[in-house]
Amino acid sequence: MLIDNYDLETLLTNDDLFPWLLNKAEEVRLKERGDKVYLRGLIEFSNYCSCDCYYCGIRKSNINIERYKLTREEILNLAKIAYERGYQSIALQSGEITTDKHVNWLADIIKAIKDLTPSNKQSLGITLSVGELTYAQYKKLYEAGAHRYLLRLETSNKKLFNAIHPPEQSFDKRIECLYILRDLGFQVGSGTMVGLPGQTYEDLVQDLLFFENFGVDMVGLGPYIPHKDTPMGKHPMSSQITDTYTATIKMLALTRIMRPNINIVASTALRTLNEASLETAIRAGANVIMPILTPVSVRNNYSLYHNKRYTPFEELVKRIEAINYKVGLWELGDSPYFFKRIKNDDRRIANE
Ligand code: 5AD
């Protein structure tokens, strides 16, 4: 795969090409996705987790954080706030809990959120990011009214995936979940972490090709940031990617150039590394931000990585407008690629 005669690895490694890459990505972004930045009010509703990912601060073995789960009423109130502020979409995110009881509880909340909206108005869009579930559970959540799902692959390198997860978690299962989500009709987002120990630039190239080959509707990628209460944070190991910040921006830019009409998130993790990344990420092609709605009282317990940054919504808006972009208030801002994809699927099925 070449972009203007440069191969992807060269674009990731050669810093002289960085300004050119950013310009090219912004050009593609403005042409294909315009100057809007869409909002997903982020509700991190629980940090209970049955997984033990070696990098993640809310892994089940971390006894240094207090566990919390918001109540149905708290979640509905936050959704109402999101609606009233014109966010038009929320993202419900949590650690992974796979019992039917929990999934049914969540499905009921999703239905109640959909019913919050005045009947003559477009209802809140709901993105879920609650991990690996069964087909039946995903179906239940889709039928309840969630229409987007984020499930990061973390890395397209199976060996590296196995090195950063305990043996119970499998790469193949993760991929299978992504296909199930797509079959069910979700807009499917995935993504990776950049700068993982042992990760190479060739791995990043493969990550980009995975986005292309799977045909993701949305991408959420961010830098890996060590967390002190995790096995990987306690025993830091080197990576070929030393400047994770720049590498992440380059990944965003390349993703935008390769997938012009998908949605790309400017991650909070990136802002944690460098506050000024908001503007750079948007110019590099990110067109979605997730303002945090999680209550202040529990926010610090949703610590996937160290020193998570919180930028107030008003500040985000000011800064976006200062670089001549617009905030997509009252708009769903769905991924155009998704609609194109399902139209093609329908056509294919009709021809079969
Ligand atoms: N650094 C960066 N991102 C992390 N995540 C979890 N732990 C970390 C970390 N230490 C990301 C993973 C996961 C998402 C919920 O958060 O990509 O999928």
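Parameters and conventions
- Residues numbered from 1 in each chain as written.
- Predicted model: local features only at pLDDT ≥ 70, side-chain atom pairs only at ≥ 80, totals over all residues.
- Heavy atoms only, no water.
- Helix = DSSP H or I, 4+ residues; strand = E, 2+ residues; numbered from the N terminus.
- Rg over C-alpha atoms; globule rule 2.2 N^0.38 Å.
- Contact = heavy atoms within 4.5 Å.
- Areas by Shrake-Rupley, 256 points an atom, 1.4 Å probe, with all protein chains shown as cover.
- Lys, Arg positive; Asp, Glu negative; His and termini not counted.
- Charge placed at Lys NZ, Arg CZ, Asp CG, Glu CD.
- Buried < 20%, exposed > 50% of the residue type's maximum accessible area, 1.4 Å probe, protein only.
- Salt bridge = Lys/Arg side-chain N within 4 Å of Asp/Glu carboxyl O.
- Disulfide = S-S within 2.5 Å.
- Near = heavy atom within 4 Å.
- Polar contact = N/O pair within 3.5 Å; in protein donor to acceptor, adjacent residues only side chain to side chain.
- Nonpolar A, V, L, I, M, F, W, Y, C, P; charged D, E, K, R; others polar.
- Expected span 1.5 Å × (residues − 1).
- Arc of directions from axis to C-beta.

A. Quick look at the overall build of the chain. Across its full length, the chain holds 15 helices and 14 strands. Since a compact globule built from 352 residues should have a radius of gyration of about 20 Å, the 19 Å found for the chain is in line with a globular shape. On the principal axes, the C-alpha backbone points of the chain span a range of 50 × 50 × 45 Å. Long-range pairs, those at least 24 residues apart, make up 77% of the contacts in the chain between residues at least 6 apart in sequence. A total of about 15100 Å² of accessible surface is found on the chain, and carbon and sulfur atoms cover 51% of it. Looking at the chain, you have 44 positive and 43 negative side-chain charges, and the mean spots of the two groups are 4 Å apart.

B. Main features of the side chain of R271. The residue R271 is located in helix 11 (residues 268–273) in this model. Buried charge without a partner: R271 forms no salt bridge, and the closest opposite charge is E275, 4.4 Å away. Excluding residues within four positions of it along the chain, R271 makes contact with A266, S277, L278, R309, T311 and L316.

C. Structural detail: the state of the cysteines. For the coordinates displayed, the defined rule picks out 0 disulfides. For C53, which is in no disulfide, the shortest distance to another cysteine sulfur is to C51 and amounts to 5.1 Å.

D. Broad picture of the site of the ligand. Close to the ligand lie Y55, C56, R152, E154, M193, P223, Y224, I225, L304 and Y305. In the model, an oxygen atom of the ligand is placed 2.8 Å from a nitrogen or oxygen of the R152 side chain. Within the side chain of E154, one N or O atom sits 2.5 Å away from an oxygen atom of the ligand. Of the residues in the shell around the ligand, the class split is 8 nonpolar, no polar and 2 charged.

E. The arrangement of helix 15 (residues 336–351) in detail. Here helix 15 spans 23 Å end to end across 16 residues, near enough to the 22 Å set by a 1.5 Å rise per residue. Along helix 15, the positions that sit buried rather than exposed are Y337, F338 and R341. Burial along helix 15 is one-sided: seen end-on, the buried residues are contained in an arc of 95°. The exposed set on the far side of helix 15, more than 90 degrees from its buried face, consists of K340, K343, D346, A350 and N351. For helix 15, the elements touching its buried residues are helix 7 (171–184) and strand 8 (187–190).

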